[in-house]
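Architecture at a glance
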Amino acid sequence: MGDEKKKNNVVQEVTTSEYKYGFVSDIEMDTAPKGLNEDIIRLISKKKNEPQWLLDFRLKAYRHWLKMKEPNWAHIKYPPIDFQDIIYYAAPKKKKQLSSLDEVDPELLETFNKLGISLDEQKMLAGVAVDAVIDSVSVKTTFKDTLAKHNIIFCSFSEAVQNHPELVKKYMGKAVPYTDNYFAALNSAVFSDGSFCFIPKGVRSPIELSTYFRINAANTGQFERTLIIAEEGGYVSYLEGCTAPMRDENQLHAAVVEIIAMDDAEVKYSTVQNWYPGDKEGKGGVYNFVTKRGICKGKNSKISWTQVETGSAITWKYPSCMLIGDNSVGEFYSVAVTNNYQQADTGTKMVHIGRNTKSTIISKGISAGHSNNSYRGLVRVSKKAENARNYSQCDSLLLGDKCGAHTFPYIKTGNNTAIVEHEATTSKISEDQLFYCQQRGIDMEKAIGLIVNGYAKQVLNKLPMEFAIEAQKLLAITLEGSVG
Amino acid sequence: MKTNQKNSRLLSSLLSYYPRLPENSNGHPVVSEIRQKAFERLKDIGLPGNKDDKWRDSGFMDIFNREFKMETEPAPYQKTINEIFECEIYDFHSEIISVLNGHYYAKDPEEIRTLENGVRVGSILTAQKEFPGLFDQYFGKIGDDQTDGLKAANSAFFKDGVFIYVPDGVEVKDALQLIKMVNEQGNPFIASRNLIILGKNSKLTFMHCDDSINHLSSFINTFTEIHVGENATLELYKLQNLNDESALLNNTFIRQGRNSRTSAIVLSLNGGKIRNELHIDLNGEGAETDLSGVYLMDKEQHIDNQVYVNHLVPHCNSKTLYKGVLDNKATGIFRGYIYVKQDAQKTNAFQKNNNILMTSDARIDTMPFLEIYADDVKCSHGATVGQLDDEALFYLMQRGISRENATLLLMNAFTSEVTSKISIEPLKNSIEDMIKKRLRGELSICDKCILHCTVPDKPVEFEIDLSKI
């Protein structure tokens, strides 16, 4: 009972608050000039002290990007992006290499404390190792020692480039090649930092790894790149969170996440995406154009994506699994909530290539206000994928008569032993359920929160504990004021 | 996305043929204007390309570069269609209308027939002259797709077609059966256009059959506009049994008025390449539509069903159910699209697509889409791809039914969910028999009707070897 009461208080507290992560931190920044050209790319590469092969990769990606056209097939609308009006590199000014927490800019620490992310290892935030990326640069990775004991490499992408170039060179661009799509090409050209994680053979990561992304500086784009490799028998649960200040102009976030799982390896990737969604009139907010892809390369490997999408003015992302290894498993659990003028076009791709591969897709969309929320997913069973199995369920909930909920599944089956099922429903909150709650003295807004949480439970249950609580709160905030 | 094909042989033949189009010379002004506009659009957008989302992976792309014959003359009337093509369904009475090579085929093609209760049936070319008021009010009003070059090609190049008018309050007893056939050498491109108008409180059963009588190749581009008036009832059957060399594009646009009902059943039994686009506009409150289809494809055949249901006003119901079996190297596409406009509250829309793949070379792409802008709705869709249930097969075989027969029985059961919806008993029996024969591989095309359809003394039954029980 006590817990229940506490929880309700929390919900109440958060439902009456605005976007609370919208502050701006006054941190001295080192920024590149606005605009994009080969010189900027050389500058980024130089600032990061990168080897020649990486610069070549960036330039190749940039030249390819110039030839590409911005995709327009998604169910989203936005004014054209002026790619020359964006700052492609912004980093907190560093005093060379940091060796301990004392050397970190106190303002920066304050920022993370406000976000509720403790970088202080003494505080041991529920045993989660955090890599914090502010604007474009990774500022701090915690729990290095514990991880080192298990030979797990968890560091910023730039550090990995310096310290483990052979691994980066071997795996970067394997899941998401720079030719993949417009925003992946852009990211490959200008990515500034991100996280790198390597789980050696037979190691199960004893703690959850987490990256926290924050856009801070104005007019900047954030282009981070995450690469996770789990060798034979490895296991890791990886969390990703993100916030941004409230600004009137739109900011671009174009990230790339690559996961590679070898034989018997398992990677669990959870995201709570809470970029600034713009104000009630739809002004400002982050454009979240992200390419995430995992390759189940080995036999019996498993990649599981869980995402809670509540932020961003526009979300455009399809975390996908290439099921190459025999008996490999891909999972996608998603809750996407849109309110006011937010737009989301999100879903997954499950490509069955190996034999006896399985995939599960559970997608729960919730639209309110004037928002549009689309599920777009592809399930492809290639000719040689014997005994492939897919189950997809995509439900949409509509809260309000001005919003839209859409489902665009693509099912392509080229093997007669495949069993593919897809079902989807769209409806509004059941009057009966609302009545039942209200009859018991729960007011309208709380009742909706309750029902929505119940509706999303199937996905929220897949999240690690701390994230699940945060996600529940977020759902409530995002939907605040959406009741008619 | 402008990714259409602009330099195929078909397109250049069409563009160079347009000035010589005989139908254009003495046409009705409204039609001439529509033809001209459509031609300009075709010139502008070209034919659909593989990058166009609605045409992705379509099997039609590879025929665009064939050599086509544009000119076809109306064949002189010699025999009734029944002498050329026997399609008698036992105990099924229908009024037959024929279109041969895209031209209206009758003793006097200029005559508009008047059936019981004042129902008018005739050539669309004659109708535009004889009933300009009615014609102008309805012709070209739906299906104006700005992005599809093949629809534009139909509007610009249609040779002829059928006009049917059912006056207010008239319930037509016997079905009207349109039999379309091609008997022309040289790979003709045949565009035909139909306009069907159902007045208030009327009722019509319309069968639209596409058949081959030989193995000649052709590309048939059909466009049908159907206006279903207030409280009217339309039963539409499409029966497609073509040879493997044929390509059939069948665009049907239906606009439904208040409290009207439509049921459409599309049966694709054979054909080289078939694309059925069925667009329903639920334009009056209380309208209902029930769409279903069965497709049975084998060899290297290609079937593409595109079903668009637009809920434009509140209180409408729609149901879509398509089932298909793909054998050998056949490929199939199903795209269902339910669109619910803002304020189209109290909408119920359901959509289902089930597929069975028989071989690992067969392929099916299914895309059941929902686009919903109203909140007080109940919409759902489901799609499955799978095989016959092994346990069910085992159960039947255990009882002495051979694997082959057990498979047939199960497939028959699979399709019967659709065929059981056919309300005319003789037609239902006949179609179920055709499906059985098709599943056994006995039916290729309605080759002079080798079937003799169902006659009571020749029932088609599955053979069960009693000695093994």
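Above: the structure in question.
Right, let's walk through the structure included here. All values reported here derive from a predicted model rather than from experimental measurement.

**Topic: the overall build of chain B**
When you go through chain B residue by residue, the secondary structure sums to 10 helices and 20 strands. Looking at chain B alone, contacts between residues at least 24 apart form 84% of all its contacts between residues at least 6 apart. For chain B, the exposed area adds up to about 17900 Å²; of that, 47% sits on carbon and sulfur atoms.

**Considerations on the environment of Q343 of chain A**
Residue and element names in this part refer to chain A. When you line up the elements, Q343 lands in strand β18 (residues 343–346). Given the relative accessible area of 15%, Q343 is considered buried. Taking the C-alpha atoms as reference points, Q343 and A313, separated by 30 residues in sequence, lie 6.1 Å from one another. At 2.6 Å, the side chain of Q343 and the backbone nitrogen of K77 are in polar contact.

**Considerations on the packing of helix α9 (residues 403–419) of chain B against helix α10 (residues 425–440) of chain B**
All names here are of chain B. For the pair α9 and α10, the least separation of the axes is 10 Å and the interaxial angle reads 145°. Considering how the two elements wind past one another, α9 and α10 form a crossing that is right-handed. Side by side, α9 and α10 meet where L408, M411, N412, T415 and T419 of the first sit next to K428, I431, E432, I435, K436, L439 and R440 of the second. Grouping the constituent residues of the contact of α9 with α10 by class yields 5 nonpolar, 3 polar and 4 charged.

**With respect to unusual backbone geometry**
Residues and elements named next belong to chain A. A positive phi angle is found at N151, which is not glycine, with a value near 60°. Topologically, N151 is positioned in the loop between α5 (144–149) and β5 (153–156). For N151, a relative accessible area of 55% translates into the label exposed.

**A short note on the pattern of salt bridges**
A pair can form between side chains of opposite charge whenever their charged atoms are brought close. This structure, assessed with the given rule, holds 45 salt bridges over all chains. Two residues, D193 of chain A and K48 of chain A, come together in a salt bridge whose shortest N-O distance is 3.9 Å. One end of the pair, D193 of chain A, is in the loop between α8 (182–190) and β6 (195–199); the other, K48 of chain A, is in the loop between α2 (38–47) and α3 (52–67), with 145 residues separating them in the sequence. Both residues of the pair, D193 of chain A and K48 of chain A, belong to the buried class. Of the charged contacts in the structure, one is a salt bridge between K383 of chain A and D361 of chain B, with a shortest N-O distance of 2.6 Å.

**A look at the packing of aromatic side chains**
Summed over the entire model, instances satisfying the criterion amount to 40 aromatic pairs over all chains. Ring geometry for F57 of chain A versus Y178 of chain A: centroids 5.8 Å apart, planes at 90°, classification edge-to-face. With F57 of chain A in helix α3 and Y178 of chain A in the loop between α7 (165–171) and α8, the pair connects residues that are 121 residues apart, well separated along the chain. Exposure remark for F57 of chain A: the relative accessible area of 13% places this residue in the buried category. Relative to F334 of chain B, the ring of Y322 of chain B has its centre 5.4 Å away and its plane inclined at 45°; by these criteria the two rings are tilted. With Y322 of chain B in strand β16 (residues 317–326) and F334 of chain B in strand β17 (residues 331–340), this residue pair connects regions lying 12 residues apart in the sequence. Residue Y322 of chain B shares its accessibility class with F334 of chain B, and that shared class is buried. Members of the aromatic cluster, connected to one another through ring pairs, are Y62, W65, W73, Y78, F83, Y182, F183, Y287, F289, W316 and Y318 of chain A.

**Some thoughts on the pairing of strand β14 (residues 288–297) of chain B**
Residue and element names in this part refer to chain B. With 8 of its 10 residues buried, β14 lies for the most part within the structure. Here strand β12 (residues 261–270) runs beside β14; their pairing, made up of 8 bridges, is parallel. When the sheet's bridge partners are listed, A264 is paired in β14 with L291. Note that β14 and β16 share 10 bridges and pair parallel. The residue bridging S292 from the neighbouring strand is L321, located in β16.

**A few points about the interface of chain B and chain A**
Interface extent is often summarised as the accessible area lost during association of the parts. Listed by partner, the interface residues are 38 residues for chain B and 35 residues for chain A. Between chain B and chain A we count 4 salt bridges in total. Within the residue set of the side of chain B that touches chain A, elements represented by two or more residues are β19 (363–372) and β20 (377–386) of chain B. Tallied by class, the residues present in the side of chain B that touches chain A amount to 17 nonpolar, 11 polar and 10 charged. As judged from the 7 bridges shared by strand β24 (residues 419–428) of chain A and β20 of chain B, these two strands associate in the antiparallel manner. Counterpart to T426 of chain A in the pairing with β20 of chain B is C379 of chain B.

**A word on helix α10 (residues 444–460) of chain A**
Residues and elements named next belong to chain A. If you check α10, its first and last C-alpha atoms are 22 Å apart, about what 17 residues at 1.5 Å a residue would give, namely 24 Å. At G454, α10 is bent by approximately 35°, the largest bend along its length. For α10, the set of buried residues is A447, I448, I451, V452, N453, Y455, A456, V459 and L460. For α10, the capping residue at the N-terminal end is D443, with a side-chain oxygen 3.2 Å from the backbone nitrogen of E445.

**Some details on the packing of α3 of chain A against α8 of chain A**
Packed helix pairs are specified by the crossing angle of their axes together with the interaxial distance, meaning the distance between the axes. Residues and elements named next belong to chain A. In the contact formed by α3 and α8, the axes pass within 7 Å of each other and the chain directions differ by 145°. When you trace α3 past α8, the crossing you get is left-handed. Along its contact with α3, which presents F57, R58, A61, Y62 and W65, the element α8 presents Y182, A185, L186, S188, A189 and V190. Of the residues contributing to the contact of α3 with α8, the split by class is 9 nonpolar, 1 polar and 1 charged.

**Describing the nonpolar core**
Counting residues in each nonpolar core, the largest one holds 102 residues, and the members touching the most others are I164, L204, F206, L234 and L326 of chain B. Not counting chain neighbours up to four residues away, the residues in contact with I164 of chain B comprise I97, R120, V121, L176, L195, I196, I197, L204 and F206 of chain B. With 52 residues, the next largest nonpolar core counts A32, F183, L186 and F223 of chain A among its residues.

**Overview of the pairing of strand β10 (residues 233–241) of chain B**
All names here are of chain B. With 9 of its 9 residues buried, β10 lies for the most part within the structure. Taking every second residue as pointing to the same face, both faces of β10 are buried, with T233, E235, Y237, L239 and N241 on one and L234, L236, K238 and Q240 on the other. The pairing of strand β8 (residues 203–212) with β10 spans 9 bridges and is parallel. Bridge pairing links C209 to L239 in β10.

Basis of the calculations
- Residues numbered from 1 in each chain as written.
- Chains lettered and ligands numbered in written order.
- Predicted model: local features only at pLDDT ≥ 70, side-chain atom pairs only at ≥ 80, totals over all residues.
- Heavy atoms only, no water.
- Helix = DSSP H or I, 4+ residues; strand = E, 2+ residues; numbered from the N terminus.
- Contact = heavy atoms within 4.5 Å.
- Areas by Shrake-Rupley, 256 points an atom, 1.4 Å probe, with all protein chains shown as cover.
- Buried < 20%, exposed > 50% of the residue type's maximum accessible area, 1.4 Å probe, protein only.
- Polar contact = N/O pair within 3.5 Å; in protein donor to acceptor, adjacent residues only side chain to side chain.
- Axes fitted to C-alpha atoms, helices over the stretch in contact; angles between N-to-C directions.
- Left-handed = near helix turned anticlockwise from the far one by under 90°.
- Nonpolar A, V, L, I, M, F, W, Y, C, P; charged D, E, K, R; others polar.
- Salt bridge = Lys/Arg side-chain N within 4 Å of Asp/Glu carboxyl O.
- Phe/Tyr/Trp six-rings, centres within 6.5 Å; stacked < 30°, edge-to-face > 60°.
- Pairing = 2+ DSSP bridges.
- Expected span 1.5 Å × (residues − 1).
- Bend = angle between axes of the 7 residues up to and from the residue.
- Core = buried A, V, L, I, M, F, W, Y, C linked by side-chain atoms within 4.5 Å.

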